[in-house]
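Fold and contact review
These are the residues of each chain, in order.
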Amino acid sequence: MLLWNLLPWGTKFIFLLHTMMKIDVLKRLCLVRILTFCAPVICHRNIKSGLCCHSTIEVKEDCKDLLLAQHTTALRRIYRKPIDFLEEITTGMADLILVNSRFTASTFAKTFKNLDARGIKPAVLYPAVNVDQFEKPNDTKLNFLSINRFERKKNIELAISAFATLHTHGMHDDRGVNMDDVSLTVAGGFDNRLRENVEYLEELKKLAEREGVSQRVRFITSCSTAERNALLAQCLCVLYTPKDEHFGIVPLEAMAAYKPVIACNSGGPVESVRHGVTGFLCDPSPREFSLAMANLIQDPHMAEKMGQDSHEHVTRSFSTKIFGQHLNRYLVDAARGKKE
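Starting afresh in each chain, residues are numbered from 1 along the sequence in its written order. Note on the predicted model: pLDDT of at least 70 is required for a residue's local features to be given, and 80 or more for side-chain atom pairs to be given and counted; whole-chain, interface and lining totals, by contrast, use all residues. Computation of side-chain values: all heavy atoms of the structure, hydrogens and water removed.

**Overview of the packing of helix H8 (residues 157-169) against helix H13 (residues 286-298)**
Condition: Angular values range over 0 to 180 degrees, each being the angle between N-to-C directions of two axes fitted as lines to C-alpha atoms, with helices fitted over their stretch in contact. Working definition: helices are DSSP H or I runs of at least four residues, strands are E runs of at least two. Numbering for both runs from the N terminus. Roughly parallel refers to an angle under 35 degrees, roughly antiparallel to one over 145, roughly perpendicular to one between 65 and 115, and oblique to any angle outside these ranges. Rotating anticlockwise by less than a right angle from the far helix to the near helix defines a left-handed crossing, while the corresponding clockwise rotation defines a right-handed one. By definition, residues are in contact when any of their heavy atoms lie within 4.5 Å. When residue character is reported, Ala, Val, Leu, Ile, Met, Phe, Trp, Tyr, Cys and Pro are called nonpolar, Asp, Glu, Lys and Arg charged, and the others, Gly included, polar.
Here H8 crosses H13 at 60°, and the two axes come no closer than 8 Å. Relative to H13, H8 is oriented oblique. Considering only the axes of H8 and H13, their crossing is right-handed. Contacts between H8 and H13 involve Leu 158, Ser 161, Ala 162, Phe 163, Thr 165 and Leu 166 from the former and Pro 286, Arg 287, Phe 289, Ser 290, Met 293, Ala 294 and Ile 297 from the latter. Classifying every residue of the contact of H8 with H13 by side-chain character gives nine nonpolar, three polar and one charged.

So, in structure tokens, the structure goes:
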């Protein structure tokens, strides 16, 4: 206690912050706070300011925001109250606020209620992919591919259960398809230092065993970009299982790689995947996903046509060229509006 009393108040404050949250989260929070607190200074100097949002208010994709910050204890709530207030005030000072989907825009309105009441609405700027990195594949296999980080919120168990349902209640050999040739690959970001990654991977492996499909499910952790592109080139379709995802870049990458996407009918994929044209939007249930998977197996020509339409769709709406054009238009309009 004597040592604690001798410490300067700043050291005590940092120590308390460290006990409330992990240090890596603290660093990310500080980055967001510094950038958002700069908004009044930027406005004072008559320089245009803008914010790009990933979930609710985010300057970089990895930075945490007001919505993701935890308010689980009294100490956390006391700590967060002034920061949340300042974040909303400084966010409202931006000349331009961009979000990555209409779904995120609705979340923005629900989170920053005062800004929404004042008529401050974010504009939508969809993320983009480099379509030139993908070539039209010529060696497609009867393989379904799931690409996601090994986190529980990604709902990867839906892909495994849907695959098991496909084998149990799906097609049979009399339809011209040998179901033994149909497989599932589960790939994605993995860090063995993260407890959730390790535990969730084991849970998924055990689920595959319980469902009786462990011999047909392959797990690949932390594949490189080249390996990911190779997996995309060989698969029949990509399964995207998160619910209420703010946007989701994986469906864009899949469609750019000439592959249809089966995704949940909520969140960002509703805005990126064209149902019945570039893939299927389904209720997040194994049966609904398995029916869509069966359609693609039964009709290879439909899968190929959807793949071609997918690539054209991404090229028209989500390429880096289109992204640049839209961003430039937003910035020019913001500058003109400020002058007027």
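**Observations concerning the nonpolar core**
Selection rule: For this analysis, a nonpolar core means a set of buried residues of the types Ala, Val, Leu, Ile, Met, Phe, Trp, Tyr and Cys, connected via side-chain atoms within 4.5 Å. Relative accessibility under 20% of the residue-type maximum defines a buried residue, over 50% an exposed one, and the middle range a partly exposed one, all with a 1.4 Å probe and only protein chains included.
The biggest cluster of nonpolar side chains holds 37 residues, and the ones touching the most others in it are Phe 144 and Ile 262. Of all the elements in the fold, those that place two or more residues in this core are H8, strand E5 (183-188), helix H9 (195-210), strand E7 (237-240), strand E8 (261-264), strand E9 (279-282), H13 and helix H14 (300-317). When residues in this core are grouped by element, the largest group, seven residues, is from H8. In contact with Ile 262, not counting residues within four places along its chain, are Cys 237, Val 238, Leu 239, Tyr 240, Phe 280, Cys 282, Phe 289, Ala 292, Met 293 and Leu 296. Formed by 26 residues, the second largest nonpolar core is a distinct cluster that contains Val 131, Met 255, Ala 263 and Leu 281.

**A look at the confidence of the model for the protein**
How we decide: On a range of 0 to 100, pLDDT expresses the predictor's confidence in each residue.
Across the protein, the average pLDDT comes to 81, with 76% of residues at 70 or higher. In this model residues 14-47 is a low-confidence stretch, pLDDT under 50, and it forms 41 contacts with partners more than four residues away in sequence or in other chains. The low-confidence segment residues 54-64 (pLDDT under 50) makes 38 contacts with residues lying over four places distant or belonging to another chain.

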